[in-house]
Amino acid sequence: MFRKSFTTAVLVATCGVAAVLLLAEGATTGKTAAASARETGGDWTRFGYDAARHDSGPAATGITAATVGSLARQRVELGGTADSSPIYLRGVSVRGAPHDVFIVTTSYGRTVAVDASSGAVLWTFTPAGYSSWAGSSRITNATPVADPTRRFVYAAAPDGRIHELAVASGAEVRSGSWPATITRDPTHEKIGVALNYARGLVLAATGGYVGDAPPYQGHVAAIDAGSGRLAHVWNALCGHRHTLLVPRTCASGAAIWARAGVVVDPATGNLLVATGNGRFDGRGDWGDSVLMLTPNAARLLRNWTPRDQATLESGDVDLGSTAPGLLMPGLAVQGGKDAKLRLLGLRRLGGKLGRTGGELQTIATPGGLYSAPAVARNGNTVRVFAATNSGTTCYVLRRSRLHVAWRRGDPGTSPVLAGGLLYVYDPNGGLNVYRPSTGAVVARLAAGGGHWNSPIVTDGRIALPEGNANAHSLSGVLNIYRLR
């Protein structure tokens, strides 16, 4: 139905945190300030902005500390709850005309394209079988991902498949092996994490639904974007089996359910994931571990597993409630439900494959971490921003050690850096905007309550879904904030 060619694309995110000034009205471009802002930032193609999931977006967005408090808010009704974050494509062709487009996937697998300027719904994709699970506990929290050509997006659904959709119409590609099946039991294995894309592969992962009802296994699925063929599967339990498992034939657990899902190391192309509660033996079972895989997910290279892994598993204290955050070449942080942030060296990770321990540092967080950290590098300064239900914290990396720079009591989901400002959604309601260097409040934007939702900020606009997928609602809201 559709033919396409794939090229390697490298997306570079500037991680500085200095504020940027909007062009004054009447500058040589001849555009108004609002018009200039609408062309400041560009595409936001996936959760976390880049394949490394830095959550550090464009250095300039058209929105500044002086203007963010005066943004106008529009509430766009969706045919479902988007308990995740949107993506954004600038100036793509939809229905034969150019549009700036926000695209979200709702909890029952509907993917919706919304005009960023007007809020009009341009198309909606509804997967076959939708009526059989709509309103049930079978949900997805996955953010879609765009391919480098910007002609297609990949989206998850509770049918256990990844669907390839045409940006121009929302029509599903059904050539080759699309849609791609990544679980043999979608009633127990949930596709809950954000999709990623690297080296021509769509990267997805699975876990269990709320309540951890067995049987399920965490696994990484690498899908060839051109054909939809399942290139490789890596299983966190029964790891010697390199195919989609029938879940009842293996132990249950080791979910991959962190918001960021599969993280791509830009220095090596290797993949990083964190697993939740599950068996660990250092040979084929890898519960409560940070795992480094080859770029195509064919093989496990290294692991870091805490020495108290057995205690975490028995106490339902998942390490994998968050994914690794890449700080700089060779260093990452890993949080967890246990309110600890570990600094890890990627070259050795935990040492010899199968061992436990080996972290470089452990530092406390205010509560368990269920969100993705944001990382910014400005010259020699590396900052890590982490939000929990108990507060938001900025850590600074100095001489390979993390130090608390500031801390606020405001709860939050995954923080986002963009245009020199830090945006943190409060799941109780509201979007807080801070100065990254000090934590000073710049503005608080109105928003309803939610769960794991997080914003994106680009081209003079903010897009933020609200609502909780676990409420099983068939409706939801996308907030769009714009310069007046």
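Look a little higher up for the structure.
Residues numbered from 1 in each chain as written. Predicted model: local features only at pLDDT ≥ 70, side-chain atom pairs only at ≥ 80, totals over all residues. Heavy atoms only, no water.

Participant: Teacher, can you tell me more about the nonpolar core here?
Facilitator: Buried together is how nonpolar side chains tend to be arranged in soluble globular proteins. Counting 34 residues, the largest nonpolar core has Val68, Leu71, Phe102, Tyr423, Ile462 and Leu478 as the members making the most contacts within it. The contacts of Tyr423, once residues within four sequence positions are left out, are Ile63, Val68, Ser414, Pro415, Val416, Ala418, Leu431, Asn432, Val433, Pro455, Val457 and Ile462. By size, the runner-up hydrophobic cluster in this structure holds 25 residues, among which are Leu201, Val220, Trp234 and Ala297. (Core = buried A, V, L, I, M, F, W, Y, C linked by side-chain atoms within 4.5 Å. Buried < 20%, exposed > 50% of the residue type's maximum accessible area, 1.4 Å probe, protein only. Contact = heavy atoms within 4.5 Å.)

Participant: So what exactly am I meant to see when it comes to the environment of Ala376 here?
Facilitator: Here Ala376 shows up in strand E24 (residues 374-378). For the pair formed by Ala376 and Pro329, sequence separation is 47 residues and the distance between their alpha carbons is 13 Å. (Helix = DSSP H or I, 4+ residues; strand = E, 2+ residues; numbered from the N terminus.)

Participant: Would you take a moment to explain the state of the cysteines for this structure?
Facilitator: A covalent bond bridging the sulfur atoms of two cysteines is what the word disulfide describes. One pass over the structure, following the stated rule, counts one disulfide. What pairs with Cys238 in a disulfide is Cys250, and their sulfur atoms sit 2.1 Å apart. One disulfide, between Cys238 and Cys250, carries an S-S torsion of 110° and so falls in the right-handed class. Of this pair, Cys238 sits in the loop between strand E15 (230-235) and strand E16 (263-264) while Cys250 is found in the loop between E15 and E16, placing the two residues 12 residues apart along the sequence. (Disulfide = S-S within 2.5 Å.)

Participant: So what exactly am I meant to see when it comes to the environment of Val112 here?
Facilitator: Structurally, Val112 can be placed in strand E4 (residues 111-115). In this structure Val112 comes out as buried when scored by relative accessible area, which is 3%. Sequence spacing of Val112 and Thr124 is 12 residues, and the spatial spacing of their C-alpha atoms is 4.5 Å. What Val112 contacts, discounting residues up to four positions off in sequence, is Leu78, Phe102, Ile103, Val104, Thr106, Val121, Trp123 and Thr124.

Participant: What should I look at first to understand the packing of aromatic side chains in this one?
Facilitator: Counting across every chain of the model gives nine aromatic pairs. Between the aromatic rings of Tyr88 and Phe102, the centroid separation amounts to 5.2 Å while the plane-to-plane angle is 45°, which identifies the pairing as tilted. Residue Tyr88 is located in strand E2 (residues 87-94), and its partner Phe102 is located in strand E3 (residues 97-105); the two are separated by 14 residues in the primary sequence. Of the two residues, Tyr88 and Phe102, both sit in the buried class. Their ring planes at 25° and their centres at 6.3 Å tell us that Tyr154 and Tyr197 sit as a pair that is stacked. With Tyr154 in strand E7 (residues 152-156) and Tyr197 in strand E11 (residues 196-198), the pair connects residues that are 43 residues apart, well separated along the chain. Taking the relative accessible area as the measure of exposure, Tyr154 reaches 0% and is therefore buried. Taken together, the aromatic side chains of Tyr154, Trp178 and Tyr197 make up a single cluster linked through ring pairs. Note that Arg110 overlies the ring of Tyr130, its terminal NZ or CZ placed 4.2 Å from the centroid. (Phe/Tyr/Trp six-rings, centres within 6.5 Å; stacked < 30°, edge-to-face > 60°. Lys NZ or Arg CZ within 6 Å of the ring centre and 35° of its normal.)

Function-wise, these values are silent; they only describe arrangement.
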